[in-house]
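Understanding the architecture of this molecule
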Amino acid sequence: LAGLPPTPEELQAFEQDTSSNAYQKIVDTLLNREQYGERWGRHWLDLVRYADTLGHEFDFDIPNAWRYRNYVIRALNEDVPYNQFVREHLAGDLLANPRWNKQEKWNESIQATAFLWLGEGKHSPVDIRQEQADRVENQIDVWGTIACARCHDHKFDPITTRDYYALYGVIKSSRYQQAMIDDPDHWKPALQELQALLATQQTDANTNNIHDVSDTKSLLKHATTDGPAWQWISQQTTLAMRESKGKKIVLRTVPANTWDSGLLSNKLEGALRTDSFRLNKPYLHLAVAGYGGRVRLVIDGFSIIRDPIYGNLRQIVNNPESHWLTIPVSAWMGHDAYLEFLDGGPADLSMSVDHAPGHEAWLQVQHAYLSDEPKPSIPLDSRPLEETVDEKWLSFVQKKQQVEESIPSPRYALATAEGTGQDQVVFIRGNHRLTGDSVPRGLPELFAGKTAMQVNPQQSGRLELAERLIDPRVNPLLVRVMVNRVWKHHFGHGLVRSVDDFGHMGETPVYQELLDYLCNWFIQEGWSLKKLHRLIVTSEAYQLGSHLHNTEEDPENLCFTYKPLQRLEAEAWRDAMLAIAGVLRAGSRESGVKPYLSPTMQGRGKPSESGPVDGEGYRSIYLSIRRNFLPTWASAFDFPTPFTTIGKRSISNTPAHGLTLMNDPLVLELAHRWAKQIMDAAETNASRIDRMYLQAFCRMPTQKELNELQEFLKASSSTSELTVWIDIAHALFCSKEFIFIP
């Protein structure tokens, strides 16, 4: 339940507890520990192919991916009902009443939607539409393993190609974003003060987001905003500001019918996004002004906007006077796109985390339209900045700066944003160049039932899809799959052994009635995963040890007549060594710990420096997962490549295991620390041996083991005492009893 061995003190307390419910009390204690979420959160991360980088050629960072990891840990520790957990994953950004973290005062629900964007990302693909098709296939494969229907009707299960592209449209209508997660009350007081201050100085300012763009060509007519920075200016407005690169106070005139993110304060941040549109002309003209603002043209959902192919689709605006910015788009004629205007904020996929913009940016957008002409034809209302020494404006800037000091820096998380609702055409045989009929957005009939989903034409359909998916009367598979996964992790294999395949090619349940009972019980108990764990681990079947099995009557344990021997996953093995060596650090970690890089780890995207071999003592779940530089100890013990859903890890048995245990720097380092700790804690050889066995195996050594170790100590009398105990610690780390749970 916690993924860590008990301490000798915890073991002694349990053995001395003679109450009839001693076992149940230990179960409840473990379920209520923070370590429970860290242990079971790692199982969920396998399912969503979690990583902190994009992999492929250059292994670029995924900004703020770590927030999703911590969201999962918190949600499991808080025992968020599983149906709510799934609802948040599919539509956490769309919930009318999202779940708020009372302590941190941030939106928990929206952070769940990051799972869509944790897949591998290609750098500079030649065919951007092919890249979108591959990316969406990976996302669909995480929602449900039905990706083979991309090219043809499923050969064995009732899932058609039309079903696949119905789901494709839902995902295509959703966007990558770095979302502000703060409670709006976080900055509300400062915002109200700034609005009142501006109103006293400028009577013609209109800060309502209700607008009517006069230019019918404009792509800005139905733009949406995120965060408090962006304001629609319907009337010409003048305001004073401190010059971006100096101390002068200047007046800036904002033209009418303009979006502006610096009207109230340059310290406010936010994003402005347009509806999706078809690139049907060769030039995109933008009338912009600002300092440190970013303009991104996202084509076919491709957000990794970098040179050499896509670099010009991302522009930095560092000119405070209105000017034209022209982006040639002839290479992408016929593709769908949308514009994203970012004021400050975190790094996006177009830049390295080390080059994230500051918090003093601002951006203004006056026009955005497509044209056949290489030069814009609309007259531009551009006025230069004017220095002022007017006391009225100097006082305004001074008061404004005082208010700005109370504006907290916003917190961002990787998330999904609602895009423009778009149905998808079928790609014949999966080829995006051969298109068939358009398919309405929705869920495959197998999951949604025979009643067609009613999707808002302007929205993606994720919210409607989520509600349909978590309704057990319509889709019993959601519950059955999760209950089976939990059973699998406790018993080594599931009631349905093919944990990732409940279709016709999967295995049938050994105990259909038991699976049905558990699913109904799970729903009746409020979809509580902690209650499900408690029910399973307090069962008689679970408490039967592996030594009680009958290999003749049930050689494969199909009837669960005993709890089978199980090897620790790589992370649990590492965490156990950290705990025993006395270096395990309690508590969570924000951005992942830098990975330890051995001299043989080479390649593009290699971090500039290595992390410590012990990961600063943090549990394995807090180590940064870099797709191109996975830790060697984890890979040796079957840590899955984070590409798609893995519900059941491989369990190999190769010479690499022994070589890793013998030679890995992590094992050697922790054996050294454990030995030193043992020498400091106990004086006699016998007491040292007893404590090491209690820590490693939760038992005292047998007389035979004790005699053998005493003989080893005598034979090693000429070797330094520390070296001898390091060898003993190393040997215990390498033993089968340490790596396997009986």
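Source: prediction; values computed, not measured.

The rules we used
- Residues numbered from 1 in each chain as written.
- Predicted model: local features only at pLDDT ≥ 70, side-chain atom pairs only at ≥ 80, totals over all residues.
- Heavy atoms only, no water.
- Helix = DSSP H or I, 4+ residues; strand = E, 2+ residues; numbered from the N terminus.
- Buried < 20%, exposed > 50% of the residue type's maximum accessible area, 1.4 Å probe, protein only.
- Contact = heavy atoms within 4.5 Å.
- Lys, Arg positive; Asp, Glu negative; His and termini not counted.
- Charge placed at Lys NZ, Arg CZ, Asp CG, Glu CD.
- Axes fitted to C-alpha atoms, helices over the stretch in contact; angles between N-to-C directions.
- Parallel < 35°, antiparallel > 145°, perpendicular 65-115°, else oblique.
- Left-handed = near helix turned anticlockwise from the far one by under 90°.
- Expected span 1.5 Å × (residues − 1).
- Pairing = 2+ DSSP bridges.
- Nonpolar A, V, L, I, M, F, W, Y, C, P; charged D, E, K, R; others polar.
- Polar contact = N/O pair within 3.5 Å; in protein donor to acceptor, adjacent residues only side chain to side chain.
- pLDDT = per-residue confidence, 0-100.
- Salt bridge = Lys/Arg side-chain N within 4 Å of Asp/Glu carboxyl O.
- Phe/Tyr/Trp six-rings, centres within 6.5 Å; stacked < 30°, edge-to-face > 60°.
- Lys NZ or Arg CZ within 6 Å of the ring centre and 35° of its normal.
- Patch = residues over 30% accessible without salt bridge, like charges linked within 9 Å, V, L, I, M, F, W, Y side chains within 5 Å.
- Areas by Shrake-Rupley, 256 points an atom, 1.4 Å probe, with all protein chains shown as cover.

Some remarks on the overall build of the protein
Looking only at helices and strands, the protein has 23 helices and 20 strands in total. When burial is assessed residue by residue, the protein has 55% of its 742 residues classed as buried. Within the protein, contacts between residues separated by at least 24 positions form 74% of all contacts whose residues are at least 6 apart in sequence. Taken together, the 77 basic and 94 acidic charged side chains of the protein have centroids lying 2 Å from each other.

Details of the packing of helix α19 (residues 665-681) against helix α22 (residues 721-734)
With their axes 8 Å apart at the nearest point, α19 and α22 run at an angle of 120° to one another. By the angle between their directions, the pair α19 and α22 is classed as oblique. You can see that α19 and α22 cross each other, and the crossing is right-handed. Counting all contacts with α19, which are made through Val667, Leu668, Leu670, Ala671, His672, Trp674, Ala675, Lys676 and Met679, the residues of α22 involved are Glu721, Leu722, Trp725, Ile726, Ala729, His730, Leu732 and Phe733.

A few points about helix α8 (residues 188-201)
Relative to the 20 Å expected for 14 residues at 1.5 Å per residue, α8 spans 20 Å between its end C-alpha atoms, a close match to the ideal helical length. Buried positions along α8 lie against α9 (391-404).

Describing the sheet that holds strand β15 (residues 386-387)
On the basis of which strands lie adjacent, the open sheet formed by three strands has the order β6-β7-β15 and antiparallel pairing. In the strand order of this sheet, the two ends are held by β6 (237-242) and β15, each with one partner. Bridge count for strand β7 (residues 249-254) against β15 is two bridges, and the pairing is antiparallel. Within β15, the residue paired with Leu251 across the bridge is Glu386. Of the strands in this sheet, β6 and β7 are in contact with α9, which crosses β6 at around 65°.

A short note on the packing of helix α1 (residues 8-16) against helix α20 (residues 685-697)
One can describe the packing of α1 onto α20 by two numbers: an axis separation of 9 Å at closest approach and a directional angle of 80°. Judged by the angle between their axes, α1 and α20 are roughly perpendicular. Note on element contacts: α20 touches α1 through Arg691, Leu694 and Gln695, opposite Pro8, Glu9 and Leu11. Residues that form the contact of α1 with α20 fall into these classes: three nonpolar, one polar and two charged.

What about helix α6 (residues 128-143)?
In this model α6 runs 23 Å from its N-terminal to its C-terminal C-alpha over 16 residues, within 8% of the 22 Å that 1.5 Å per residue would give. Counting buried positions along α6 yields 12 of 16 residues, so the element is predominantly enclosed. Residues of α6 that are buried: Ile128, Glu131, Gln132, Ala133, Arg135, Val136, Asn138, Gln139, Ile140, Asp141, Val142 and Trp143. For α6, the N-terminal capping position is held by Asp127, with its side-chain oxygen 3.2 Å away from the main-chain nitrogen of Arg129.

Here's the deal with the pairing of strand β9 (residues 270-273)
Of the two faces of β9, the one lined by Gly270 and Leu272 and the one lined by Ala271 and Arg273 are each fully buried. Bridge count between strand β4 (residues 224-226) and β9: three bridges; the pairing is antiparallel. Paired with Thr225 across the strands is Leu272, a residue of β9. Inspection of the sheet shows β9 paired to strand β13 (residues 336-343) by four bridges, in the antiparallel sense. Along β13, the bridge assignment pairs Gly270 with Asp343.

Side note on unusual backbone geometry
Cis geometry is adopted by the peptide bond preceding Pro308, which originates at Asp307 and carries an omega value of 10°. Following the sequence through the fold, Pro308 ends up in the loop between β11 (283-299) and β12 (314-328). Backbone geometry places Asp59, a non-glycine residue, at a positive phi of 55°. When you line up the elements, Asp59 lands in the loop between α3 (34-47) and α4 (65-77). Despite not being glycine, Lys105 shows a phi value in the positive range, around 55°.

Quick look at the confidence of the model for the protein
Within the protein, residue pLDDT values average 91, and 95% of them lie at 70 or more. Segment residues 203-214: pLDDT under 50, and 29 contacts once partners within four positions in sequence are set aside and those in other chains are kept.

Notes on the pattern of salt bridges
What the rule picks out here adds up to 52 salt bridges. For Glu9, the salt bridge is made with Arg691, and the minimal N-O distance between the two is 3.5 Å. Of this pair, Glu9 sits in helix α1 while Arg691 sits in helix α20, placing them 682 residues apart in sequence. Members of the salt-bridge network, linked through shared partners, are Lys122, Glu131, Asp134, Arg135, Glu137 and Arg150.

Remarks on the environment of Leu565
Inspection of the secondary structure puts Leu565 in the loop between α15 (540-543) and β19 (566-567). Between the C-alpha atom of Leu565 and that of Arg294, which follows or precedes it by 271 residues, the distance is 55 Å.

Quick word on the environment of Ala581
On the secondary structure map, Ala581 appears in helix α16 (residues 570-581). Separated by 322 residues in sequence, Ala581 and Trp259 have C-alpha atoms that sit 58 Å apart. Beyond its immediate sequence surroundings of up to four residues, Ala581 is in contact with Leu670, Arg673, Trp674 and Gln677.

Digging into the packing of aromatic side chains
Applying the stated rule across the entire model yields 29 aromatic pairs. Ring centres 6.1 Å apart and planes at 90° place the aromatic pair Trp117 and Tyr176 in the edge-to-face group. On the criterion of sequence distance, the pair formed by Trp117 in the loop between β2 (106-107) and α6 and Tyr176 in strand β3 (residues 174-180) is long-range, its members being 59 residues apart. Positioned over the ring face of Trp362 is Arg252, at 3.8 Å from the centre of the ring. A cation over an aromatic ring shows up here: Arg306 above the ring of Phe60, its NZ or CZ 3.4 Å from the ring centre.

Observations concerning a nonpolar patch on the surface
Judged by side-chain polarity, Val510, Tyr511 and Leu558 come together as a nonpolar surface patch covering roughly 200 Å² of accessible area. By the element assignment, Val510 lies in the loop between α12 (477-491) and α13 (512-524). A relative accessible area of 31% means that Val510 is categorised as partly exposed.

Description of the side chain of Ser109
Looking at where Ser109 falls in the secondary structure, it is placed in the loop between β2 and α6. Engagement of the side chain of Ser109 in a polar contact is seen with the side chain of Glu88, the distance being 3.1 Å. The contact partners of Ser109, leaving out residues within four places of it in the chain, are Gln84, Glu88, Gly92, Leu95, Pro98 and Arg99.

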